[in-house]
Amino acid sequence: MELTKDGTALVRKDRSDIAWAVNVAYQLTFFNAPFERQFIDDFKITPTLGMDLSKVDEHNVFFKACRMGYAAAFEGQSIVYQSTVGQAGNEKIFEFSFLPFCDISGTVIGCSAWQKDITEESKAISLLEDRDQKYNEAQQIANVGHWNWDILKNEIRWSDQLFRVFGQEPGTFEATYEALMEIIHSEDRAAFNADVERALNEKVLHDIVHRIRIKGDEIRYVHQKGRAFYDVSGKPVRMAGTTQDVTTEILANQKIVEQNLELGHFVHVISHNLKGPISNLLMLLSIYEWGRDVENDTLLKKFEITTKALDQTMKDLSLSLSLKEVDSVEFRDIFFEKAMDDVLGLLAEEIERSNAKLLIDFSKAPTVKGIKSYVVNMLYNLILNAISYRDKNREPLVKISTVLETSTLILTVSDNGIGMNLTPERRKKIFDMYGRLSGQTKGKGLGLYLVKTQVEAMNGSITVESKKGVGSTFVLKFEV
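Residues numbered from 1 in each chain as written. Predicted model: local features only at pLDDT ≥ 70, side-chain atom pairs only at ≥ 80, totals over all residues. Heavy atoms only, no water.

Chemist: What is the right way to read the overall build of the chain from this model?
Modeler: The helix and strand inventory of the chain stands at 13 helices and 19 strands. Evaluated residue by residue, the chain yields a buried proportion of 39% over its 480 residues. Intrachain contacts of the chain at a sequence separation of at least 6 include 53% that bridge at least 24 residues. (Helix = DSSP H or I, 4+ residues; strand = E, 2+ residues; numbered from the N terminus. Buried < 20%, exposed > 50% of the residue type's maximum accessible area, 1.4 Å probe, protein only. Contact = heavy atoms within 4.5 Å.)

Chemist: What should I look at first to understand the environment of Met-378 in this one?
Modeler: Mapped onto the elements of the fold, Met-378 is located in helix H11 (residues 372-388). Under the relative-accessibility criterion, Met-378 is labelled buried at 2%. Sequence-wise, Met-378 and Leu-476 are 98 residues apart; in three dimensions their C-alpha atoms are separated by 9.6 Å. When sequence neighbours within four positions are dropped, the list of residues in contact with Met-378 reads Val-451, Gln-454, Val-455, Met-458, Leu-476 and Phe-478.

Chemist: Would you explain the sheet that holds strand E14 (residues 357-361) in this entry?
Modeler: Through backbone hydrogen bonds, the strands of a sheet pair up, either in parallel or in antiparallel fashion. Spatial strand order, E14-E16-E17-E19-E18: five strands in an open sheet with mixed pairing. Of all strands in the sheet, those bounded by a partner on one side alone are E14 and strand E18 (460-467). The average angle at which neighbouring strand axes cross in this sheet is 15°, direction not considered. Looking at chain direction, E14 and strand E16 (residues 397-405) are connected through five bridges and run parallel. (Pairing = 2+ DSSP bridges. Axes fitted to C-alpha atoms, helices over the stretch in contact; angles between N-to-C directions.)

Chemist: Teacher, can you tell me more about the pairing of strand E9 (residues 155-158) here?
Modeler: On a regular strand, one side chain projects to one face of the sheet and the next to the other, so that they alternate. Here E9 shows a buried face lined by Ile-156 and Trp-158 and an unburied face lined by Glu-155 and Arg-157. Relative to E9, strand E8 (residues 144-150) is paired through four bridges, and the arrangement is antiparallel. Pairing of Trp-147 across the sheet is with Trp-158, part of E9. Joining the antiparallel neighbours E8 and E9 is a turn of four residues, in which Asn-154 adopts a positive phi near 55°.

Chemist: Is there a simple way to explain empty space enclosed by the protein in this structure?
Modeler: On inspection of all chains with the given rule, the structure shows three cavities of 30 Å³ or more. By volume, the largest cavity is sized at about 100 Å³. Contributing to the lining of the largest cavity are 14 residues, with Trp-147, Ile-156, Leu-180, Phe-192 and Gln-224 lying nearest its centre. Where the lining of the largest cavity is concerned, the elements lending two or more residues are E8, E9, helix H5 (177-183), helix H6 (189-202) and strand E12 (236-245). When its residues are assigned to classes, the lining of the largest cavity shows eleven nonpolar, three polar and no charged. (1 Å grid on protein atoms, 1.4 Å probe; cavity = no way out; pocket = protein on both sides within 12 Å on 5 of 7 lines; lining within 4 Å. Points joined across faces, edges and corners; volume = space filled by probe spheres on them. Nonpolar A, V, L, I, M, F, W, Y, C, P; charged D, E, K, R; others polar.)

Chemist: Where do I start with the side chain of Thr-402 in this structure?
Modeler: Looking at where Thr-402 falls in the secondary structure, it is placed in strand E16. Overall, Thr-402 belongs to the buried group, its relative accessible area being 3%. In this structure the side chain of Thr-402 is engaged in a polar contact, spanning 2.8 Å, whose partner is the backbone oxygen of Ala-365. Thr-402 has contacts with Phe-336, Asp-361, Phe-362, Lys-364, Ala-365, Ile-410 and Leu-411, leaving out every residue within four places of it along the chain. (Polar contact = N/O pair within 3.5 Å; in protein donor to acceptor, adjacent residues only side chain to side chain.)

Chemist: How do you make sense of H11 when you look at a structure like this?
Modeler: For H11, with 17 residues, the first-to-last C-alpha span of 24 Å sits near the 24 Å given by 1.5 Å per residue. Among all positions of H11, only Tyr-374, Val-375, Val-376, Asn-377, Met-378, Leu-379, Asn-381, Leu-382, Ile-383, Asn-385, Ala-386 and Ile-387 are buried. (Expected span 1.5 Å × (residues − 1).)

Chemist: What am I meant to see in the pattern of salt bridges here?
Modeler: Proximity of charged atoms lets side chains of opposite charge pair with each other. Under the defined criterion, the tally for this structure stands at nine salt bridges. With its nearest N and O atoms 3.1 Å apart, the salt bridge here joins Arg-198 to Asp-195. Here Asp-195 and Arg-198 lie together in helix H6, a separation of three residues that amounts to about one turn. For Arg-198, a relative accessible area of 32% puts it in the partly exposed group. (Salt bridge = Lys/Arg side-chain N within 4 Å of Asp/Glu carboxyl O.)

Chemist: How do you make sense of the environment of Lys-308 when you look at a structure like this?
Modeler: Here Lys-308 shows up in helix H8 (residues 294-324). For the pair formed by Lys-308 and Ser-279, sequence separation is 29 residues and the distance between their alpha carbons is 9.5 Å.

Chemist: What am I meant to see in the nonpolar core here?
Modeler: One broad trend across soluble globular proteins is that nonpolar side chains are buried collectively. Counting 42 residues, the largest nonpolar core has Ile-400 and Leu-476 as the members making the most contacts within it. Counting only elements with at least two residues in this core, the list comes to helix H9 (336-346), H11, E16, strand E17 (408-415), helix H13 (446-457), E18 and strand E19 (471-479). It is H11 that contributes the most residues to this core, nine residues altogether. Other than its neighbours up to four places away in sequence, Leu-476 contacts Met-378, Leu-382, Leu-409, Ile-410, Leu-411, Val-455, Ser-461 and Ile-462. Among the nonpolar cores identified, the runner-up in size contains 26 residues, and Trp-147, Trp-158, Phe-166 and Ala-175 belong to it. (Core = buried A, V, L, I, M, F, W, Y, C linked by side-chain atoms within 4.5 Å.)

Chemist: What should I look at first to understand the packing of aromatic side chains in this one?
Modeler: The relation between two aromatic rings is expressed through the spacing of the ring centres and the mutual angle of the planes. Scanning the model with the defined rule gives 19 aromatic pairs in all. Ring geometry for Phe-39 versus Phe-43: centroids 4.6 Å apart, planes at 50°, classification tilted. Note that Phe-39 and Phe-43 are positioned in helix H1 (residues 33-43) at a spacing of four residues, about one turn of the helix. Like Phe-43, Phe-39 is buried. (Phe/Tyr/Trp six-rings, centres within 6.5 Å; stacked < 30°, edge-to-face > 60°.)

Chemist: Looking at this model, I keep getting lost on the sheet that holds E12. Mind explaining?
Modeler: The five strands lie next to each other as E9-E8-E12-E11-E10, forming an open sheet whose pairing is antiparallel. Of all strands in the sheet, those with a lone pairing partner are E9 and strand E10 (206-214), marking the two edges. Mean inter-strand twist for the sheet, computed between neighbouring axes without regard to direction, equals 25°. Pairing geometry for E8 and E12, over seven bridges, is antiparallel. Across the sheet, the residue bridging to Asp-150 is Arg-238, located in E12. Strands E8, E10, strand E11 (218-230) and E12 of the sheet are contacted by H6, whose axis makes an angle of about 150° with E10.

Chemist: Would you explain the confidence of the model for the chain in this entry?
Modeler: Low pLDDT marks stretches whose predicted atomic positions should not be read closely. Averaged over all residues, the pLDDT of the chain equals 81, while 79% of them reach at least 70. pLDDT under 50 marks residues 1-14. Its contacts with residues more than four places away, or in other chains, come to 25 contacts. Across residues 437-444, confidence stays below pLDDT 50; counting only partners more than four residues off in sequence or on other chains, it has 18 contacts. (pLDDT = per-residue confidence, 0-100.)

Chemist: What exactly am I supposed to notice about a positive patch on the surface here?
Modeler: Positive charge collects at one region of the surface, where Lys-153, Arg-157, Arg-227 and Arg-238 lie side by side. Looking at where Lys-153 falls in the secondary structure, it is placed in the loop between E8 and E9. (Patch = residues over 30% accessible without salt bridge, like charges linked within 9 Å, V, L, I, M, F, W, Y side chains within 5 Å. Areas by Shrake-Rupley, 256 points an atom, 1.4 Å probe, with all protein chains shown as cover. Lys, Arg positive; Asp, Glu negative; His and termini not counted. Charge placed at Lys NZ, Arg CZ, Asp CG, Glu CD.)

Rendered as structure tokens:
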């Protein structure tokens, strides 16, 4: 805003903001067209120069909003403030600016005023603040922060949550690449630097889990992900990404690994220690002369059954552990049809006795990467399961098919058997060792456990859907 020599305000005519000026007697010395329109709307009269604004309806909202600004300006102060006018839900937000002007002696002789409608701007700011608050809350809940690295200036901007992840205080820690190196565990710095260099040079995602040291002693694990941005010449100028505290997950996984190792060691030791005595007992039972003493026969028969069950349990545990140790480098292309030939040979008697009908279609995905014996065992147990749980009132029908969806091979085995109501508890236990779908058969329930173990050994997953009186469907998925 510019002023004339006598203190009147000059305002560009193309402005939509309301502008006006008054002297210390509240007499109007200048106004623009928007002021005139607003004045007519409020008071139903046309404003004129020299008009005493203090006499114009002192109860008017507009005049009340200006009173504080006039008073400050007449005291020689410049002031800017906001005022909300109108009913809730239909209010307007205005920004008022008041600037005193003086004569050549420095005496305040009036003030110029400016009113700007900032309703939409305020709403936009409120919306951004609300989104920013929710974003910060989400970062706190997920314990993840974001960062931006200006490579040319070597300046790193961290979100507030990222300071917390790294155990630092905003405003007291200067985030630079060198400072970050001091936080990263000394044994992980080389790997971190190598991953950053690879991301910059090869234009790939920066993705690494590493340790950080907090306040000298505390160790945390963080997962860093980011990408680089380049100028027109292909030179990296910036990198941005996120850092998440994954300490809880890493320690939990380490504990599981340690427990599995301990369990495996325990099973191997127990198996080794029991193998000899069990074999000796079974050998002695095999040479026992049955039929000479009925009472001894009954007692030793029970003993024989218990010993054989213990022997089979130890074999099952050993088999389960061996399945978990498979290496993917041993995987080969396995043709489902060839695996099915083996399965049909093994199940020939059960299929004939049950009069089961098999519908087989591997045309849409004929092969899978894995181990043939595992594929044979999967198909064998799932088909045997379908036959074992067949509905006695209808001829058993088993459908086996494969399909390729994007990068996932899906093997489906469905039947029209007795089915069951899969409660959450049953769904959780169905693939457990010795878990069973029902109590209507004599099986041990080991088959589905072995299927799940072998599927996971081939980096796959298995789920089941079942409905009582309709049948069950097993879906096996493998990444290709």
